[in-house]
Amino acid sequence: MREQSIFLTGATGAVGSELLRNLAARKGLTINVLVRRTDREPCERVKTLLGDLDVTAKLNVLEGDVCAGPSLGLDNAAVGSLQRETTHIIHAAGSTSFGLALPDARAANVWGSRNVLDFARSCASLECGAFLSTVYVSGKRRGDFAESDYGDAGHGFVNSYEQSKAEMEEMVREAMNELPLILVRLSIVVGDSATGRVSRFNAIHHAIRLFYTGLAPMIPGEPAGPVDMVSSDFVAAGVLQLLENGPSPGVFHLAAGRESCSSLEELVDETMSALARFRPEWRKRSVEKPLIVDLDTYELFVRSVEETGNPVLQGATRSIRTFAYQLAHPKVFETERAAAALAWGGISPQPSLAFYPRVIKYCLESNWGMRPC
Amino acid sequence: MSSSSHAGIQSIAEYVPAKVASVGELHERGLLRGSPDTLRSFGFETVHLAGEESNIDMAIAAAEKVLEESEIDREEIGMILYAAALNSSSTLWDGNGGSPNGSVLQLESVPDLFKYPASIIQTELDLPNASVVGINQLGCASIFAALRMARALIVAEDDLKSVLCVSADKFPAGRHRDLAYNIVSDGACAALVCRGADRNRIVECTQVTKGALWDSEEIENEIIAAYFPTAKALVERTLAKAGLKMDDIALIVPHNVALRSWEILGRLIGCPADRIYTENIARVGHTIGSDNLLNLRCATESGRIEKGDYLLLFTFGYGSNWACMIVQH
């Protein structure tokens, strides 16, 4: 990507931070990063993310917010400059929380994306805009889900995150008629394939913790049902490759797909095995492997826990149920288009179980992010 | 199998105190930690509360009944296995000069700790040839260990023909009676395990102990979470050891824990609700160690069981122990 100017949103998120680190180490590139002010300065947040990385790209940190209207919270001069120079947009901002009320999820994922689309329309030199989505816009569908498929097909959604992302996709698909856009649907991103490093702990990592503490007696699903997970480095490399060389417009799945996904039973077995391998003294706790049960049984269990009013067990089941219902609607994400577009760059997903144990090790060693690692 | 090489439960009797209290009454008396509505929705209605009777009174009553009904020659009883979760010594006996309210916290003298119920039962019931052994530390699963040992000893020792297994527990007075969302009743049971019994042949006995879960107060949540996966694994292991499948089981004879938990466990092990004998959960509650034998007797008397039926008994005891047994009626 030479002589290019990339506008990146969501750089402090799990995927955005991987993209930023990847881009920052490139030469001949300008990166304009839109970062919200929190209790910390945007520049400070970005600096923390980059750590001791040798930054070779020209990096500008802009304080703003995709939800702050068409100007994205920027002043006129900054917007004007971006409109003139931006050649590529990566929109990674949004909420990945599964527990938000739908209006809140929409505010983050639909209305924020609408503002970025408006911004894209005003960019005179735009070559490609990548909007990050999720393979779980498929909702409660079962079976194969192709890159050419859209939405839940009337089956409904497991949570507001999925629904808001599906609504975002509708908007982006419409805009594809006038703009060079791609939709990149991501699978579950669990960590770095080489080190297991997790930049942002999510529901999957919390589930691993519940397995570890013995507070997850059962999860819904089918033992042979596929579970799709990918590494953060694959996703970062894939997004950038598609941005640069992917046919636009287009929809791509960065997922493990049929070849590289694992079954739910394999995943549960590997989780228990890795916990015992990396923390031998844990065996003494005699934690039984969580059961994989049908949805009705799981719901009966959840209802019972709710009735007890036990806050610890309620917290555990609530943490799992926000995503675990997806396991009860097993599906395979087809990756034909993405595989073709990524092939020449030699980018392909690793089998989930090849790197997943490293993520578990990282979770243990960092005590789920509580300890420097 | 020849009649002399197997052991079975020839006769069963139970004792439950006459005094009954509803969930609402327990709540009003401050004897529940949890919500009465939740406990009702989990299937509990009433429990039995011992009054003046001690755990030993209850044990003797159940044992006397089983001896009378079986019409066995008392000299044939070669052993008494006394199984208790709470009351392993007569210090906890609230009659005849023992602790007034059945609490070990009231211990007044060390020698009291050596006043064992099994010995008292032996002499009270006039069983001169019975040696005695106490079994405890398995919580509600204690009686399963007694039955297992009775069978093993009968098979191992040629001259041992009949073993009297007795379990009795009286809950400490004034304490919350709900444990892990179950309500505890007072009660006792007795079973006569005999060589060559013509019913209830003990086919298989299994037990899992998870010592890491010994502190039932500190890690109650982990115990509750461990309950279902461990129970399912143990039931499946027991069936496999017996060479049976769940479809071969005519009736599950459960411990009287929450009906809801049996609904869940039934689904997990592939047993429909109508093949789990849950009739006593609402009426009797959880009698610590006496549930399964009480239920086996009731199920037998109700005509739910036919000769030759395979029955699966299952229980869980704080400690933490899961126990399972298959008998052929």
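Keep in mind that this is a model prediction, so the values were computed, not measured.

Asks: Can you help me understand the overall build of chain A in this one?
Replies: Along its length, chain A carries 13 helices and 15 strands. The C-alpha radius of gyration computed for chain A amounts to 21 Å, which stays within 12% of the reference 21 Å derived for 373 residues, consistent with globular compactness. C-alpha atoms of chain A, sized along the principal axes, occupy 60 × 45 × 45 Å. When each of the 373 residues of chain A is scored for burial, the buried share is 56%.

Asks: What should I look at first to understand the packing of helix α10 (residues 295–308) of chain A against helix α11 (residues 311–324) of chain A in this one?
Replies: When two helices pack together, you describe them by how their axes are tilted relative to each other and by the distance separating the axes. Residue and element names in this part refer to chain A. Axis separation between α10 and α11 bottoms out at 9 Å; the angle between their running directions is 145°. As α10 packs across α11, the resulting crossing turns out to be left-handed. Residues Tyr298, Phe301, Val302, Val305 and Glu306 of α10 form the contact with α11, whose participating residues are Leu313, Gln314, Thr317, Arg318, Ile320 and Arg321. Looking at side-chain class alone, the contact of α10 with α11 contains six nonpolar, two polar and three charged residues.

Asks: What am I meant to see in the environment of Phe144(B) here?
Replies: Residues and elements named next belong to chain B. Of note, Phe144 is situated in helix α5 (residues 142–156). In this structure the C-alpha to C-alpha distance between Phe144 and Ser167, which are 23 residues apart in sequence, comes to 9.9 Å. Those residues within four positions of Phe144 in sequence are excluded, and the remaining contacts are Asn292, Leu313, Phe314, Thr315, Ala323, Cys324 and Met325.

Asks: What is the right way to read a nonpolar patch on the surface from this model?
Replies: On the surface, a nonpolar cluster with roughly 400 Å² of combined accessible area is contributed by Val110(B), Leu113(B), Phe114(B) and Tyr116(B). Locating Tyr116(B) in the fold gives a position in the loop between β4 (77–83) and α4 (117–124).

Asks: Explain the nonpolar core here, please?
Replies: Soluble globular proteins tend to bury their nonpolar side chains together. Counting 101 residues, the largest nonpolar core has Met218(A), Phe228(B), Ile252(B), Leu265(B), Leu312(B), Phe314(B) and Trp322(B) as the members making the most contacts within it. Counting residues per element, this core draws most heavily on helix α6 (residues 220–242) of chain B, which supplies ten residues. Both domain 1 (7–195) and domain 2 (201–328) of chain B contribute no fewer than three residues apiece to this core. Residues Cys165(B), Ala299(B), Ile305(B) and Leu311(B) belong to the second largest nonpolar core, which totals 39 residues.

Asks: Teacher, can you tell me more about the packing of aromatic side chains here?
Replies: Any two aromatic rings considered together are summarised by their centre-to-centre distance and by the angle between their planes. Tallying each qualifying case throughout the model produces 16 aromatic pairs over all chains. Plain terms: the ring middles of Tyr212(A) and Trp368(A) are 5.6 Å apart, the flat faces sit at 40° to each other, and that makes the pair tilted. In this pair, Tyr212(A) sits in helix α6 (residues 203–213) while Trp368(A) sits in the segment after α13 (352–365), placing the two residues 156 residues apart along the sequence. Side by side, Tyr212(A) and Trp368(A) carry an identical accessibility label, which is buried. Members of the aromatic cluster, connected to one another through ring pairs, are Phe301(A), Tyr227(B), Phe228(B), Trp262(B), Phe314(B), Phe316(B), Tyr318(B) and Trp322(B). In this arrangement the basic side chain of Arg173(A) is found over the ring face of Tyr150(A), its NZ or CZ atom lying 3.5 Å from the centre. A cation over a ring is seen here: Arg277(A) above Phe278(A), with NZ or CZ 5.1 Å from the ring centre.

Asks: Any chance you could explain the interface of chain A and chain B here in plain terms?
Replies: By a frequent convention, interface size equals the accessible area lost on bringing the separate parts together. Every contact between the two is made by 24 residues of chain A and, on the other side, 20 residues of chain B. When the buried area of chain A at its contact with chain B is split by residue, Glu288(A), Leu300(A) and Glu307(A) rank highest and sum to 27% of it. Linking chain A with chain B are three salt bridges, by the criterion used here. Across the pair Arg267(B) and Asp294(A) runs a salt bridge whose closest N-O atoms are separated by 3.8 Å. On inspection of chain A and its partner chain B, the count reaches nine residue pairs in polar contact (both at pLDDT 80 or more). When residues of the side of chain A that touches chain B are traced back to their parent elements, those giving at least two are β14 (291–293), α10 and α11 of chain A. If one sorts the elements of the side of chain A that touches chain B by residue count, α10(A) sits on top with eight residues. Partitioning the side of chain A that touches chain B into residue classes produces nine nonpolar, seven polar and eight charged.

Asks: Could you clarify how one ought to interpret α6(B) in this entry?
Replies: Owing to its 3.6 residues per turn, the α-helix brings residues three or four apart onto one side. Residues and elements named next belong to chain B. If you check α6, its first and last C-alpha atoms are 32 Å apart, about what 23 residues at 1.5 Å a residue would give, namely 33 Å. Along its length, α6 reaches its greatest deviation from straightness, about 35°, at Tyr227, and the proline Pro229 lies no more than four positions downstream. Following α6 by one or two positions, Gly243 has its phi on the positive side, about 70°.

Asks: Just to check I follow, could you spell out the pairing of strand β12 (residues 250–254) of chain A for this structure?
Replies: Remark: a regular strand shows side chains that alternate across the two faces of the sheet. Residues and elements named next belong to chain A. For β12, the buried fraction is high: five of the five residues fall into the buried class. Residues Gly250, Phe252 and Leu254 point to one face of β12 and Val251 and His253 to the other, with burial holding for every one of them. Here five bridges tie strand β7 (residues 181–186) to β12, and the two strands are oriented parallel to one another. When the sheet's bridge partners are listed, Leu183 is paired in β12 with Val251.

Asks: I would appreciate a short explanation of the domain arrangement of chain B in the present structure.
Replies: All names here are of chain B. Each domain of chain B was delimited in the assignment, giving domain 1 (7–195) and domain 2 (201–328). The centre of domain 1, based on its C-alpha atoms, is set 19 Å off from the matching centre of domain 2. Counting each side, the surface lost to burial between domain 1 and domain 2 is near 3500 Å², with a carbon and sulfur contribution of 64%. It is Ile12, Cys140 and Phe144 that lose the most area in domain 1 upon contact with domain 2, and together they represent 20% of the buried surface on that side. Applying the counting rule to domain 1 against domain 2 returns three salt bridges. A salt bridge links Glu220 to Arg33; the nearest nitrogen and oxygen atoms lie 3.3 Å apart. Across the domain 1-domain 2 interface, the total number found is 16 residue pairs in polar contact (both at pLDDT 80 or more). Per-element accounting of the side of domain 1 that touches domain 2 gives the leading share, six residues, to strand β1 (residues 7–15). Partitioning the side of domain 1 that touches domain 2 into residue classes produces 25 nonpolar, eleven polar and nine charged.

Criteria and cut-off values
- Residues numbered from 1 in each chain as written.
- Chains lettered and ligands numbered in written order.
- Predicted model: local features only at pLDDT ≥ 70, side-chain atom pairs only at ≥ 80, totals over all residues.
- Heavy atoms only, no water.
- Helix = DSSP H or I, 4+ residues; strand = E, 2+ residues; numbered from the N terminus.
- Rg over C-alpha atoms; globule rule 2.2 N^0.38 Å.
- Buried < 20%, exposed > 50% of the residue type's maximum accessible area, 1.4 Å probe, protein only.
- Axes fitted to C-alpha atoms, helices over the stretch in contact; angles between N-to-C directions.
- Left-handed = near helix turned anticlockwise from the far one by under 90°.
- Contact = heavy atoms within 4.5 Å.
- Nonpolar A, V, L, I, M, F, W, Y, C, P; charged D, E, K, R; others polar.
- Patch = residues over 30% accessible without salt bridge, like charges linked within 9 Å, V, L, I, M, F, W, Y side chains within 5 Å.
- Areas by Shrake-Rupley, 256 points an atom, 1.4 Å probe, with all protein chains shown as cover.
- Salt bridge = Lys/Arg side-chain N within 4 Å of Asp/Glu carboxyl O.
- Core = buried A, V, L, I, M, F, W, Y, C linked by side-chain atoms within 4.5 Å.
- Domains from an automatic or database assignment.
- Phe/Tyr/Trp six-rings, centres within 6.5 Å; stacked < 30°, edge-to-face > 60°.
- Lys NZ or Arg CZ within 6 Å of the ring centre and 35° of its normal.
- Buried area = accessible area lost by both parts, 1.4 Å probe.
- Polar contact = N/O pair within 3.5 Å; in protein donor to acceptor, adjacent residues only side chain to side chain.
- Expected span 1.5 Å × (residues − 1).
- Bend = angle between axes of the 7 residues up to and from the residue.
- Pairing = 2+ DSSP bridges.

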